[in-house]
Amino acid sequence: PWTVQAKIGLYRLANAAGNTTRADSLLNLALRDARRIGDLGGERDALIGLSSTRASSGPEEPALATLDSLRMILPPGDSWERGEYLCRLGLFRGVGGDSGVTKLIREGVAVADRLGERALAGHCLEALALVHSLHGVPDSVFPIMARAETLLRATRMHASLARLYSRRSDELQARGRF
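Attention here is on the structure that accompanies the text.

## Observations regarding the nonpolar core
Turning to step 1, where the next piece is worked out: Within the largest apolar cluster, 50 residues are counted, with the highest numbers of intra-cluster contacts made by Ile8, Leu70, Tyr85 and Leu125.
Turning to step 2, where the next piece is worked out: The element best represented in this core is helix α7 (residues 118–134), accounting for 8 residues.
Turning to step 3, where the next piece is worked out: Setting aside its immediate chain neighbours within four residues, leucine 125 contacts Val109, Ile144, Arg147, Ala148 and Leu151.

This is the structure:
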């Protein structure tokens, strides 16, 4: 299983460097290896990563199909992976125009809260704020972002904070307040 996690680690480096094609390739290799050796944890990690690389490359269908594959192998009950799945599913559908997704994201936040996963809760709240913004529910965006900021700051998720601040700036500009 260490080779699967090594490939997932290399994916993170490639993705952070903006090389989505390489990141996607590494995840496909990790997924293949995880399935070959029966490493469900590695398979879940690779599918979560693939949902991101596939979402960044265009329409949401490939990302949603990847999340469907992930859903099939999630263990019952609360887990980090289930929270991540719910938040990503809500985000990807919300970006695609589905206005009924806030329940999914809020369920992801609740899972993260029950697990004490503050970074995941912060990421889910960031997704919720973005969906509210895209769907014209602006009054709730800044309070949600403030809660996300508190959680991300507490967990020292600096890259996530930078992304959140950029989105906050976009919101302020859109409202003519910046």
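From this point, the narrative continues.
## Overview of the packing of helix α3 (residues 40–55) against helix α5 (residues 80–95)
Turning to step 1, where the next piece is worked out: Running from N to C, α3 and α5 point in directions that differ by 15°, and their axes come no closer than 11 Å. As judged from the angle between their axes, α3 and α5 are roughly parallel. Both α3 and α5 take part in a crossing whose hand is left-handed. Only Trp80, Glu81, Glu84, Arg88 and Phe92 of α5 make contact with α3, whose side of the interface consists of Arg44, Asp45, Ile48, Ser51, Ser52 and Ala55.
Turning to step 2, where the next piece is worked out: Residue composition of the contact of α3 with α5, grouped by class: 4 nonpolar, 2 polar and 5 charged.

## Here we look at the packing of helix α4 (residues 61–73) against α5
Between two packed helices, what matters for the description is the angle formed by their axes and the separation of those axes.
Turning to step 1, where the next piece is worked out: Relative orientation of the contacting elements α4 and α5 amounts to 155°, with a least axis distance of 10 Å. Looking at the two axes, α4 sits roughly antiparallel to α5. The crossing of α4 and α5 is left-handed. Mapping the contact onto sequence places Ala63, Leu64, Leu67, Leu70 and Arg71 in α4 and Tyr85, Arg88, Leu89, Phe92 and Arg93 in α5.

## Some points on the state of the cysteines
Turning to step 1, where the next piece is worked out: Applying the stated criterion across every chain yields a total of 1 disulfide.
Turning to step 2, where the next piece is worked out: Across a sulfur-sulfur distance of 1.8 Å, cysteine 87 and cysteine 124 are joined as a disulfide pair. Given an S-S torsion of about 105°, the disulfide between cysteine 87 and cysteine 124 has right-handed geometry. Residue cysteine 87 is located in helix α5, and its partner cysteine 124 is located in helix α7; the two are separated by 37 residues in the primary sequence. Here cysteine 87 matches cysteine 124 in class, with each residue buried.

Conventions and cut-offs
- Residues numbered from 1 in each chain as written.
- Predicted model: local features only at pLDDT ≥ 70, side-chain atom pairs only at ≥ 80, totals over all residues.
- Heavy atoms only, no water.
- Core = buried A, V, L, I, M, F, W, Y, C linked by side-chain atoms within 4.5 Å.
- Buried < 20%, exposed > 50% of the residue type's maximum accessible area, 1.4 Å probe, protein only.
- Helix = DSSP H or I, 4+ residues; strand = E, 2+ residues; numbered from the N terminus.
- Contact = heavy atoms within 4.5 Å.
- Axes fitted to C-alpha atoms, helices over the stretch in contact; angles between N-to-C directions.
- Parallel < 35°, antiparallel > 145°, perpendicular 65-115°, else oblique.
- Left-handed = near helix turned anticlockwise from the far one by under 90°.
- Nonpolar A, V, L, I, M, F, W, Y, C, P; charged D, E, K, R; others polar.
- Disulfide = S-S within 2.5 Å.

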